Amino acid sequence: MVKPFIPQLVYIEPRALEYPLGRELQEKFENMGIEIRETTSHNHVRNLPGDNHFQQYRVAKSTLVVGVRKTLKFDTSKPSAEYAIPLATGCMGHCHYCYLQTTMGSKPYIRTYVNVEEVFESANKYMEERAPEPTRFEASCTSDIVGVDHLTHSLKRAIEFFGESEYGKLRFVTKFAHVDHLLDAKHNGKTRFRFSMNADYVIKFLEPGTSRLDERIEAAVKVANAGYPLGFIIAPIYLYDDWKEGYRELFEKLEAKLPAFAKKDLTFELIQHRFTQPAKKTIQKNYPMTKLEMDESKRQYKWGKYGIGKYVYKKEEQQDMKDTLTEYIEKYLPEGKFEYFT
């Protein structure tokens, strides 16, 4: 069982101590006996311990930086929300395929932002601009926010903030089962709590440092019983020798464990595995023993918006994936809503 994240090392920006959450976190980590260092900016943390890249990368993934988010311009290119809401950046998991490895580059440490009230004020402006249309905010574009929230409770505050809003909705996704502190949040049905799910093989070999499949399902049941609308992102859909059987077992478990009422308002998002050339280099550097298949000759090249293309599965394989998984949804969880495949 993966234990809730506790940082081995903490950096705090001096400005963070001007906010109640910054002072609260400093006191919490002092009481836990964790080493605390000062940094001028959460964007420039230097001198992480370690003799080489391999060691420094692993230290960074267990380092928490407490800072102030200066730019509050919200943005998202996700099909599931209008805006991303910045509460944290980075993740303590070690998923071999994760796109954060390239987007975060030399800053793989976890950052949490203490100026949450300012974030909510900005969110209010976006909601006012779009009213009376609802506005969806995604809280996990650059982090697994649940993985750190047992320490910060920023996500819990966001859930209650949107719960009281007229036009706002919150969404996030997690691979962690540490949800107990979120079960009594006053969400008023405005937050869709999504879990990233995968075949057991993928979780076991490609998602170290995250909660196991049965733990995630158990957490999803708790979340459903707490009245949250529930969703599942099946990602990345990954072709290995016995993939159809592995994904079928996943859906069989979901059908067996989820309470009947939770099956009535389920969403499914399906995302195939893809990689870029820069990602492949970074993954092989960070996880030299990975089992992740990244053979360009087995893929097709898809041009990207910004000139950086990605390698995706070939068309017939994509169709097979989509057909297989939508068939499983229809068979095992027929009231679930299939949102998209990409």
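Residues numbered from 1 in each chain as written. Predicted model: local features only at pLDDT ≥ 70, side-chain atom pairs only at ≥ 80, totals over all residues. Heavy atoms only, no water.

### A closer look at the nonpolar core
Most often, soluble globular proteins have nonpolar side chains that are buried together. For clarity, the threshold we go by: Each nonpolar core is a collection of buried residues, namely Ala, Val, Leu, Ile, Met, Phe, Trp, Tyr and Cys, held together in the definition by side-chain atoms within 4.5 Å. Here the term buried applies to any residue with accessible area under 20% of the maximum for its type, exposed to any over 50%, and partly exposed to those in between, with areas from a 1.4 Å probe on protein chains only. Strands are runs of DSSP state E lasting at least 2 residues, helices are runs of H or I lasting at least 4, and numbering of each runs from the N terminus. Every residue pair with non-hydrogen atoms within 4.5 Å of one another is taken to be in contact.
Counting residues in hydrophobic clusters, the biggest one holds 96 residues, and the most contacted among them are Phe 232, Ile 234 and Tyr 247. Counting residues per element, this core draws most heavily on helix 8 (residues 213-225), which supplies seven residues. In this view, Phe 232 contacts Arg 194, Phe 195, Met 197, Ala 220, Leu 254, Leu 258, Leu 266, Thr 267, Phe 268 and Glu 269; residues no more than four positions away in its chain are not counted. The next biggest cluster of nonpolar side chains, apart from the first, holds eight residues, and it includes Tyr 11, Val 45, Val 59 and Val 65.

### Considering the sheet that holds strand 5 (residues 88-89)
Our working definition: When DSSP finds at least two bridges between two strands, those strands are taken to pair.
Spatial ordering of the open sheet is given by 2-1-3-6-5, a layout of five strands whose pairing is mixed. The open sheet has two edge strands, strand 2 (35-38) and strand 5, and neither has a second partner. Bridging between strand 3 (residues 63-67) and strand 6 (residues 110-113) involves four bridges; their strand directions are parallel. Bridging from a neighbouring strand, Gly 67 pairs with Tyr 113 of strand 6.

### With respect to the packing of helix 9 (residues 243-257) against helix 11 (residues 315-332)
Rules: To get an axis, fit a line to the C-alpha atoms, keeping to the stretch in contact for a helix; angles then go from 0 to 180 degrees between the N-to-C directions. In this scheme, roughly parallel covers angles under 35 degrees and roughly antiparallel covers those over 145, while 65 to 115 is roughly perpendicular and the rest are oblique. Should the near helix be turned anticlockwise from the far one by less than a right angle, the crossing is left-handed, and should it be turned clockwise, the crossing is right-handed. Amino acid classes used here: Ala, Val, Leu, Ile, Met, Phe, Trp, Tyr, Cys and Pro are nonpolar; Asp, Glu, Lys and Arg are charged; the rest, including Gly, are polar.
For the pair helix 9 and helix 11, the least separation of the axes is 10 Å and the interaxial angle reads 25°. Taken together, the axes of helix 9 and helix 11 lie roughly parallel to each other. Crossing geometry of helix 9 relative to helix 11 is assigned as right-handed. Across the interface between the two elements, Trp 243, Lys 244, Tyr 247, Arg 248, Phe 251, Glu 252 and Glu 255 from helix 9 touch Asp 320, Met 321, Thr 324, Leu 325, Tyr 328, Ile 329 and Tyr 332 from helix 11. Per-class residue counts for the contact of helix 9 with helix 11 are eight nonpolar, one polar and five charged.

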